[in-house]
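# Structural description and commentary
Spelled out from the first residue to the last, the chains are:
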Amino acid sequence: MEKFIDNLSPMDLMRSEKMSLVQLIIPVESAHRAVSYLGELGLLQFRDLNAEKSPFQRTFVNQVKRCGEMSRKLRFFKDQIIKAGLLSSIHPVVEPDVELEELEMQLAEHEHELIEMNSNSEKLRQTYNELLEFKMVLLKAGSFLVSNNNQAVAEERELSENVYSSDRYVEASSLLEQQMRTADQSGLRFISGIIFQSKALRFERMLFRATRGNMLFNQEPAGEEIMDPLSAEMVKKTVFVVFFSGEQARTKILKICEAFGANCYPVPEDFSKQRQITREILSRLSELETTLDAGIRHQNKALTSIGYHLTQWMSMIRREKAVYDTLNMLNFDVTKKCLVGEGWCPVFAKAKVQEALQRATFDSNSQVGSIFHVMDAVESPPTYFRTNHFTNAYQEIVDAYGRDTNMRTFCSIARYQEANPAVYTVVTFPFLFAVMFGDWGHGICLLLGAVVLIARESRLSTQACKLGSFMEMLFGGRYVLLLMSLFSIYCGLIYNEFFSVPFHIFGGSAYKCRDATCSDAHSAGLIKFRDPYPFGVDPSWRGSRSELPFLNSLKMKMSILLGVAQMNLGIILSYFNARFFHSSLDTRYQFVPQLIFLNSLFGYLSLLIIIKWCTGSQADLYHVMIYMFLSPTDDLGENELFWGQRPLQIVLLLLALVAIPWMLFPKPFILKKLHSERFQGRNYGMLVSSEFDPDVEPDSAREQS
């Protein structure tokens, strides 16, 4: 058996790749291009050799700042495009990458142009809004003045005939009545303006309190919505006219108008002057509309031109910033005018890395080539799994939510050279999803969506940044959706569910009515008259009294079988890991007792479930498992499924009891003993960092202190 296992082919996809610690010595003139090519290759992980330096003390900090500033400008362009209601080009223009300095100048010019256009547009819009508000105030306030003048004439006649025309009544009468009685005694004035409709009620109350009721407030909706220059939204406003008397009241009213954001406009009392001013305003509004439309067209043209290149520019700036961030992780050798870096790369990628370095040297016309050599590593290498379009989504799921393959602890990524559980997740994850949500109607809908994503794979992959977070997630998991849909159709056929409705897909039911009295029955009067339903659940179970107990029991038992199978898979993988790392301790005191304990209890339960399904027995498995612990020597009676079941249960129970201390106690004590023997007579020192001291690393490129 061991010879057979040793002769198995290497687990290429099933185990993390072997990694090498390498050192790169790159000339300054080709460093940028070399790091860029290595980034496109994606097979080298650089180590930060300047961890003790702050970001502002590194060599290429100015270039990183420039990239950050250009990213800010590109975000500004994107916000302006969205604000204008434009869409960036679906098919962006693909042009050769320009130099960083040239791109920086282009972005600065575009930003200056847009800021200037926005400033001019904002001033024109503000002027347009003021004229529009003035026009509304003239139209509405003019009607207020005409109606109040007519009312004043009528009431003046009434007051002239009134017996209360003495000076005492004049002193006690209201301000408006004083204005109506005698023009030479009048102190009545008015202020007209416009205010947000939502503030009109509070505005009126504040005016009433400030003037102690000695004012007349008239208001009317403006009738047209006006664009708010701050929020760029259309808002409703109200035109008002306040009649008052006295300079002190005027000062108070103007301050309240300013506090509430009301705009006041002068309205002449002469009707002919109002019409003349209105004509002038309408003429200027027409001119401003033409100017604003021309400015918007010019701005949209500029934004559209930027949108054609926006995607390419954003990608270029992200790449440049990543390159300079990586260059800041390298040591700068002033004497030799070169950069020294260290990193991890898979063993199979050494030739590709060297080829990328040679290509960078040739393309940059450097007289000195880059030096690449392998170093001896002290610390444990990082874990790297080779993936493709199909397995990448499963690898991300395992890295984010996966468990360690030996089923002991939760972790994000497997240890170096450990077996990769993502290979098995390709089948187990979508199948377990289908067990929970098996319905071949829903599965077909999911299959259509997955097929559409896969058919447009080449087109959607170039637009990943425009899909949105939800669609990007669906596109990344398109092959996961494909297998989930196929397994859902399979399990849905087993459950005989099409949008929760059963169908006679594989022939008629195995049950029929005994007589005519049970034509509408689903539980009583049914007899079995033919062989069992050839595939899946018999449709006669749907609607019967025993539907839920039967289906719940079926799905629960299937879950037990699948769960036990997956736990056994994890334990078996831990055995292969133990053999790979030559850990006989894990094999003896972890793999063997775990396998015995799991299968002595839950493996035995799985066996009973299969036997019960095959024989059609009515045995109560709950009773069997409970009394296996409480009364292992009692007779099973009608719950006995096969000959020799009782002595087998006693043996399995004893094995489970022995396996518990076997896997809990020996390994910790043995590890403690080995640790004491290895570090005997040594004292613990202060732990500076999680990494080894760089000064003791062989062939290290770090500067010696």
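For clarity, every value in this text was computed on a predicted model and none was experimentally measured. (Residues numbered from 1 in each chain as written. Predicted model: local features only at pLDDT ≥ 70, side-chain atom pairs only at ≥ 80, totals over all residues. Heavy atoms only, no water.)

### Concerning the overall build of the protein
Per the secondary structure count, the protein includes 21 helices and 13 strands. For the protein, buried positions account for 37% of its 705 residues. On the protein, roughly 42,300 Å² of surface is accessible, and the fraction owed to carbon and sulfur atoms is 58%. (Helix = DSSP H or I, 4+ residues; strand = E, 2+ residues; numbered from the N terminus. Buried < 20%, exposed > 50% of the residue type's maximum accessible area, 1.4 Å probe, protein only. Areas by Shrake-Rupley, 256 points an atom, 1.4 Å probe, with all protein chains shown as cover.)

### Concerning the pairing of strand E7 (residues 237–245)
Burial of E7 is extensive: eight of the nine residues sit out of reach of the surface. The pairing of strand E3 (residues 188–196) with E7 spans nine bridges and is classified as antiparallel. Each residue of the ladder has a partner; that of Ile195, found in E7, is Thr238. (Pairing = 2+ DSSP bridges.)

### Considering the pattern of salt bridges
Summed over the entire model, instances satisfying the criterion amount to 18 salt bridges. Of the charged contacts, one joins Glu418 and Arg415 as a salt bridge, the two residues approaching to 3.1 Å between their closest N and O atoms. Since its relative accessible area comes to 0%, Glu418 is described here as buried. What you see here is one network of salt bridges that share partners, running through Glu69, Arg72, Lys73 and Glu111. (Salt bridge = Lys/Arg side-chain N within 4 Å of Asp/Glu carboxyl O.)

### Let's talk about the packing of helix H7 (residues 200–210) against helix H8 (residues 247–259)
For the pair H7 and H8, the least separation of the axes is 10 Å and the interaxial angle reads 155°. Judged by the angle between their axes, H7 and H8 are roughly antiparallel. Remark: the crossing between H7 and H8 carries right-handed chirality. Packed against H7, whose contacting residues are Phe203, Met206, Leu207 and Ala210, the element H8 presents Lys252, Ile253, Ile256 and Cys257 at the interface. Across the contact of H7 with H8, the residue classes break down as seven nonpolar, no polar and one charged. (Axes fitted to C-alpha atoms, helices over the stretch in contact; angles between N-to-C directions. Parallel < 35°, antiparallel > 145°, perpendicular 65-115°, else oblique. Left-handed = near helix turned anticlockwise from the far one by under 90°. Contact = heavy atoms within 4.5 Å. Nonpolar A, V, L, I, M, F, W, Y, C, P; charged D, E, K, R; others polar.)

### Overview of the UniProt feature "transmembrane region" (unreviewed entry) in the protein
Annotation from UniProt places "transmembrane region" (unreviewed entry) at residues 431–455, 476–495, 558–578, 590–611 and 648–665. Between the end C-alpha atoms of residues 476–495 there is a gap of 30 Å, over a span that is 95% helix and 0% strand. Overall, residues 648–665 shows 94% helix and 0% strand. The separation of its end C-alpha atoms is 27 Å. (UniProt positions renumbered as here; feature names shortened; annotations may be inferred.)

### Examining the sheet that holds E3
The four strands are arranged E4-E7-E3-E8 in an open sheet whose pairing can be described as antiparallel. Edge positions in the sheet fall to strand E4 (216–221) and strand E8 (263–264), since each of these pairs with one other strand and no more. In this fold H7 packs onto E3, E4 and E7, with an angle of close to 170° to the strand it touches most, E4. The sheet contacts of H8 involve E3, E7 and E8, and relative to E7 the element is tilted by about 160°.

### Re a nonpolar patch on the surface
A contiguous nonpolar surface patch, about 650 Å² in accessible area, is contributed by Met556, Tyr622, Ile626, Tyr627, Phe629 and Leu630. Among the elements that make up the nonpolar patch, the one with the highest residue count is helix H19 (residues 621–630) (five residues). Turning to its location among the elements, Leu630 is positioned in helix H19. (Patch = residues over 30% accessible without salt bridge, like charges linked within 9 Å, V, L, I, M, F, W, Y side chains within 5 Å.)

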